Amino acid sequence: MKTNLRFIILIILMLVNPLFKAIAQKELSYQAAIDHAYDKYKNLQEGKNADYIKELANVDPNIFGIAIVTTDGKVYSKGDLGQRVSIQSISKVFTLARLIEEQGPRAVAEKIGVDATGLRFNSIVAVELQKGKEINPLVNPGAIAAVSLVKGNDSVAKWKNILDTHNAFAGTKLLLNKPVYISEAGDNLRNQAIAHLLLAYGRMYFDPVQSTDIYTKQCAINVNAKELAVMASTLANGGVNPVTKEKVVSPETCAFTMGIMSTAGLYDDSGQWLYAVGLPAKSGVGGGLIAVCPGKFGIAVISPPLNAAGNSVKAQKAIFDIAKELGVNPFIVTPKK
Ligand code: GLU
């Protein structure tokens, strides 16, 4: 009996040991990849904070935070995790996911559109060219239309729905960056013009001024890199928050959302991004960038200075390097022999 037990324990250890080894190695590689990218880019001085929203010009350009949250809820990070910036356009992803969840993918395709416009994120020409059709929920016209469509009979209910959604994706109560909200709300005539033009084409589904205001508020939600990475990881995990275990949206909703992120997540550089990295992603002019590795992890980097297309310079470089080091481009497969 005693010999049998020893034998069984030995077998179990042999089985378990390589498994433990593999898990430990994977954990080490996530952290190592983050550390490498952080060290490589921490002193890079390229790009410039957005300043068309005045308050964004005042944000510390040296903030640099990287976080990965795996679909089993493990967190790896480096840098400024205590510093928050406004989420800006990254919010469009989560309001879109809520809308797909509420009304289904067809409604979004028909009432908004899901093709990249090929024009700037706040292009009025893009709306005019298509008479309000075929706009995209990840650029301003489609995002304001999405806000106008999400559930809520009045602006208070709509805002609550949107903030609750962001909180559920992040697994925490997020706060508003009031100076950024006030700064943009006092200066968002262009977005109001877009909302009114959509209304003229019958493609705005709630009061245009209030929709623009709620949209401006959602862009001013304050986040750090870890919170953003949890939000991205919830998409990676089929809509279940990997930390709180709350079911936020369905796996199908995540798939539709990531489809649009793949074609339109990085403004005019979306094609270049997918070409180089292969992962659905979304940037914001606050300096945040998220990317999703479906089934594995969400990653987020914050660094405010942007390139000409409006994407964070350091964040793009860091995620590119990390994804490469981890070998997670889903388009790279090992050929069958
Ligand atoms: N609130 C910003 C705007 O409407 C968001 C822009 C962005 O991050 O792309 O201009």
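Small disclaimer: the values here were computed from a predicted structure and weren't measured.

Criteria and thresholds
Residues take numbers from 1 onward in each chain, read along the sequence in its written order. Owing to the predicted nature of the model, reporting of local features is limited to residues with pLDDT of at least 70; listing and counting of side-chain atom pairs is limited to 80 or more, with chain, interface and lining totals taken over all residues. Only hydrogens and water are removed before side-chain values are computed, so all heavy atoms of the structure are retained for them. Note on terminology: near, applied to a residue and a molecule or strand, indicates that one of the residue's heavy atoms is within 4 Å of it. The definition of a polar contact used here is a pair of N or O atoms within 3.5 Å, where within protein one atom must be able to donate a hydrogen and the other to accept one, and adjacent residues in sequence count solely through side-chain atom pairs. To measure how exposed things are, a 1.4 Å probe is used in the Shrake-Rupley method; for residues, cover is taken only from the protein chains shown. For this scheme, ten residues count as nonpolar: Ala, Val, Leu, Ile, Met, Phe, Trp, Tyr, Cys and Pro. Four count as charged, namely Asp, Glu, Lys and Arg, and the remainder, Gly too, count as polar. A side-chain nitrogen of Lys or Arg and a carboxyl oxygen of Asp or Glu constitute a salt bridge if their distance falls within 4 Å. The rule is simple: take the accessible area with a 1.4 Å probe, protein chains only, and divide by the maximum for that residue type; under 20% is buried, over 50% is exposed, in between is partly exposed. Helix and strand assignments come from DSSP, with helices taken as H or I runs of at least 4 residues and strands as E runs of at least 2, each series counted from the N terminus. Here, residues are in contact when the closest pair of their heavy atoms is within 4.5 Å. Only buried residues count toward a nonpolar core. Its members are Ala, Val, Leu, Ile, Met, Phe, Trp, Tyr and Cys residues joined through side-chain atoms within 4.5 Å. Multiply 1.5 Å by the residue count of a helix minus one, and that product is the helix's expected span. Only strands joined by at least two bridges in the DSSP assignment are considered to pair. Axes here mean lines fitted to C-alpha atoms, for a helix over just the part in contact, with angles spanning 0 to 180 degrees between N-to-C directions.

## Quick look at the site of the ligand
Looking at the ligand, there are 13 residues lining it, with Tyr 52, Gln 88, Ser 89, Tyr 215 and Tyr 267 nearest. In the model, an oxygen atom of the ligand is placed 2.5 Å from a nitrogen or oxygen of the Ser 89 side chain. At 2.8 Å from a nitrogen atom of the ligand is found a side-chain nitrogen or oxygen belonging to Glu 184. Relative to its free-state accessible area of 300 Å², the ligand is covered by the protein chains to the extent of 99%. Considering only residue class, the shell around the ligand consists of seven nonpolar, five polar and one charged.

## What about the pattern of salt bridges?
Counting across every chain of the model gives seven salt bridges. When the shortest N-O distance is used, the salt bridge between Lys 42 and Asp 39 registers 3.8 Å. Look at Lys 42 and you get partly exposed, because its relative accessible area is 37%. For the salt bridge of Lys 160 with Asp 164, the shortest nitrogen-to-oxygen distance reads 2.6 Å. A residue pair is termed a helical-turn pair when its members lie 3 or 4 positions apart in one helix, as Lys 160 and Asp 164 do in helix α5 (residues 155–170) at four residues.

## Describing the side chain of Thr 216
If you trace the backbone, Thr 216 turns up in helix α8 (residues 208–219). Given the relative accessible area of 0%, Thr 216 is considered buried. Here Thr 212 takes part through its backbone oxygen, which lies 2.7 Å from a polar atom of the side chain of Thr 216. Discounting residues that sit within four places of it in the chain, Thr 216 has contacts with Tyr 181, Glu 184, Ala 185 and Asn 188.

## Describing the nonpolar core
In terms of nonpolar packing, the biggest core is built from 61 residues, with Phe 94, Phe 169, Leu 228, Met 231, Leu 235, Met 261 and Ile 290 touching the most fellow members. Apart from residues no more than four positions distant in its own chain, Met 261 is found in contact with Val 93, Leu 138, Leu 235, Pro 280, Ala 281, Lys 282, Ile 290 and Val 292. Counting 28 residues, the second largest nonpolar core, distinct from the first, contains Ala 37, Ile 66, Cys 293 and Ala 318.

## What about α8?
Between its first and last C-alpha, α8 extends 16 Å over 12 residues, near the 16 Å set by a 1.5 Å rise per residue. Restricting attention to buried positions, one finds in α8 the residues Pro 208, Ser 211, Thr 212, Ile 214, Tyr 215, Thr 216, Gln 218 and Cys 219. Sitting at the head of α8, Asp 207 places a side-chain oxygen 3.2 Å from the backbone nitrogen of Val 209.

## Points about the sheet that holds strand β1 (residues 65–70)
Taken together, five strands build an open sheet; the order of strands is β2-β1-β7-β6-β5 and the sheet is antiparallel. Where the open sheet ends on each side, the last strands, each with one partner, are β2 (75–79) and β5 (281–283). On average, each strand axis in the sheet is tilted by 10 degrees relative to the strand beside it, whichever way the strands run. With five bridges connecting them, β1 and β2 associate as antiparallel partners. Note on β2: the bridge partner recorded for Ile 68 is Tyr 76.

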